[in-house]
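Architecture at a glance
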Amino acid sequence: MALRAVLLRQLRVPVQTLALAGCKSQPWSFSSCIRLMSSHDDHLSKEQVIGRVLDVVKSFPKVDPSRVTPDVHFQKDLGLDSLDNVEIIMAIEEEFKLEIPDKEAVKIDSCNLAIEYVYNHPMAA
């Protein structure tokens, strides 16, 4: 127990310092500073994520690229089925070098949700 206390004292990070360093434009919040605390250094901007997700969806064989926008729904707007949805999620995983758990993958049914998931994932590259 004493060893644990010593380790915890040594590993503490001043949260206010992190908040001031990374989130000067707005008050500190966990979601706004999560990327600051990540050990992954090459973070993607929202515009990069949007562009790459849209490129993945546009390159899918059953999709008309002219209909793809950030707000498009895979099944309702593009007429894809659930298997196509799985294939798109797998392509997004490959594009960003990450693994999306099945519980999360079934929730991603639009470009917007895919963009938000990838953007908020600390290991997306």
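These remarks concern the structure in this document. These numbers were taken from a predicted model, which means no experiment stands behind them. (Residues numbered from 1 in each chain as written. Predicted model: local features only at pLDDT ≥ 70, side-chain atom pairs only at ≥ 80, totals over all residues. Heavy atoms only, no water.)

Things to note about the layout of surface pockets
In this structure, the largest pocket occupies an estimated 160 Å³ of space. Elements with a minimum of two residues in the lining of the largest pocket: α5 (82-96) and α6 (102-105). Among the elements that make up the lining of the largest pocket, the one with the highest residue count is α5 (six residues). Here the residues of the lining of the largest pocket sort into six nonpolar, three polar and two charged. (1 Å grid on protein atoms, 1.4 Å probe; cavity = no way out; pocket = protein on both sides within 12 Å on 5 of 7 lines; lining within 4 Å. Points joined across faces, edges and corners; volume = space filled by probe spheres on them. Helix = DSSP H or I, 4+ residues; strand = E, 2+ residues; numbered from the N terminus. Nonpolar A, V, L, I, M, F, W, Y, C, P; charged D, E, K, R; others polar.)

Quick word on the packing of helix α4 (residues 46-58) against helix α7 (residues 111-120)
Closest axis-to-axis distance for the α4/α7 pair is 9 Å, and the angle between their directions is 130°. Comparing the axis directions of α4 and α7 gives the class oblique. Seen from above, α4 lies across α7 with right-handed handedness. Of the residues in α7, those touching α4 at Lys46, Val49, Ile50, Val53, Leu54 and Val57 are Cys111, Ala114, Ile115, Glu116, Val118 and Tyr119. Class assignment of the residues belonging to the contact of α4 with α7 gives a composition of ten nonpolar, no polar and two charged. (Axes fitted to C-alpha atoms, helices over the stretch in contact; angles between N-to-C directions. Parallel < 35°, antiparallel > 145°, perpendicular 65-115°, else oblique. Left-handed = near helix turned anticlockwise from the far one by under 90°. Contact = heavy atoms within 4.5 Å.)

Structural notes on the environment of Val53
By secondary structure assignment, the location of Val53 is in helix α4. Along the sequence, Val53 and Pro70 sit 17 residues apart, while their C-alpha atoms lie 8.6 Å from each other. Setting aside residues up to four positions removed in sequence, Val53 forms contacts with Ile92, Phe96, Cys111, Ala114 and Ile115.

A look at the side chain of Asp84
Following the sequence through the fold, Asp84 ends up in helix α5. With residues up to four places along the chain from it excluded, the contact list for Asp84 reads Phe60 and Lys62.

A closer look at the nonpolar core
Formed by 27 residues in total, the largest nonpolar core has its most connected members in Val53, Val57, Val68, Leu78, Ile92 and Phe96. Every element with two or more residues in this core is listed here: α4, α5 and α7. (Core = buried A, V, L, I, M, F, W, Y, C linked by side-chain atoms within 4.5 Å. Buried < 20%, exposed > 50% of the residue type's maximum accessible area, 1.4 Å probe, protein only.)

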